[in-house]
Amino acid sequence: MQNKIFSLIGLATRAGKIASGEFSTEKAVKSGGASLVIIAGDASDNTKKMFSNMCTYYKVPLYFFGAKDSLGHAMGKEVRASLAVLDEGFAKAIVKQLETNQSN
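Residues numbered from 1 in each chain as written. Predicted model: local features only at pLDDT ≥ 70, side-chain atom pairs only at ≥ 80, totals over all residues. Heavy atoms only, no water.

## Description of the pairing of strand β2 (residues 36-39)
The alternating pattern of β2 places L36 and I38 and V37 and I39 on opposite faces, both of which are buried. Pairing geometry for β2 and strand β3 (residues 62-64), over three bridges, is parallel. Across the sheet, residue I38 finds its bridge partner in β3, namely Y63. Where the polypeptide runs from β2 across helix α3 (residues 45-58) and back to β3, its parallel neighbour, the crossover connection is right-handed. (Buried < 20%, exposed > 50% of the residue type's maximum accessible area, 1.4 Å probe, protein only. Helix = DSSP H or I, 4+ residues; strand = E, 2+ residues; numbered from the N terminus. Pairing = 2+ DSSP bridges. Right-handed = clockwise from strand over helix to strand, strands pointing away.)

## With respect to the sheet that holds β2
Here we have four strands laid out as an open sheet, ordered β1-β4-β2-β3, and mixed in their pairing. Each edge of the open sheet carries a strand with a single partner, namely β1 (18-20) and β3. Sheet twist, expressed as the average angle between the axes of neighbouring strands with direction ignored, equals 20 degrees. The sheet contact formed by β1 and strand β4 (residues 82-85) spans three bridges and is antiparallel. By the bridge assignment, S20 is partnered in β4 with L83. (Axes fitted to C-alpha atoms, helices over the stretch in contact; angles between N-to-C directions.)

## Some details on helix α1 (residues 2-14)
Within an α-helix, residues lying three or four positions from one another point in the same direction, as the helix has 3.6 residues per turn. Here α1 spans 19 Å end to end across 13 residues, near enough to the 18 Å set by a 1.5 Å rise per residue. Contact partners of the buried residues in α1: β1, β2, α4 (68-74), β4 and α5 (88-103). Two residues or fewer after α1 comes G16, characterised by a positive phi angle close to 75 degrees. (Expected span 1.5 Å × (residues − 1). Contact = heavy atoms within 4.5 Å.)

## Quick word on unusual backbone geometry
At K59, a residue that is not glycine, the phi angle is positive and equals roughly 55 degrees. Tracing the sequence through the fold places K59 in the loop between α3 and β3. A residue is classified by how much of its surface remains accessible, and K59, at 74% relative accessible area, is exposed.

## Digging into the environment of A12
Note on placement: A12 falls in helix α1. For A12, a relative accessible area of 0% gives the class buried. Taking C-alpha positions, A12 is 9.9 Å from I94, a pair spaced 82 residues apart along the chain. Discounting chain neighbours no more than four positions away, the residues touching A12 are K17, I18 and F90.

Rendered as structure tokens:
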């Protein structure tokens, strides 16, 4: 099930619908462009707290999923602790997989 989520992240990246890295993710959330934010489970507590507060304030769905290296790998990049999905369709598909993943 996790592979499906990573491949959706990869597809969204190739479509140019992902902002990754702390600065870009923060910018996407604050500008209203983010439909979904994913933070790596092994991200620092500061990062988790900052994005939790930010996403609550801006009403953006937030999920903690995967590890920094696997998120980066899914996007064809190095380690990534945070990413924002900029497309509503990709966001819905990823959330659906994340929800299914959590219930298993």
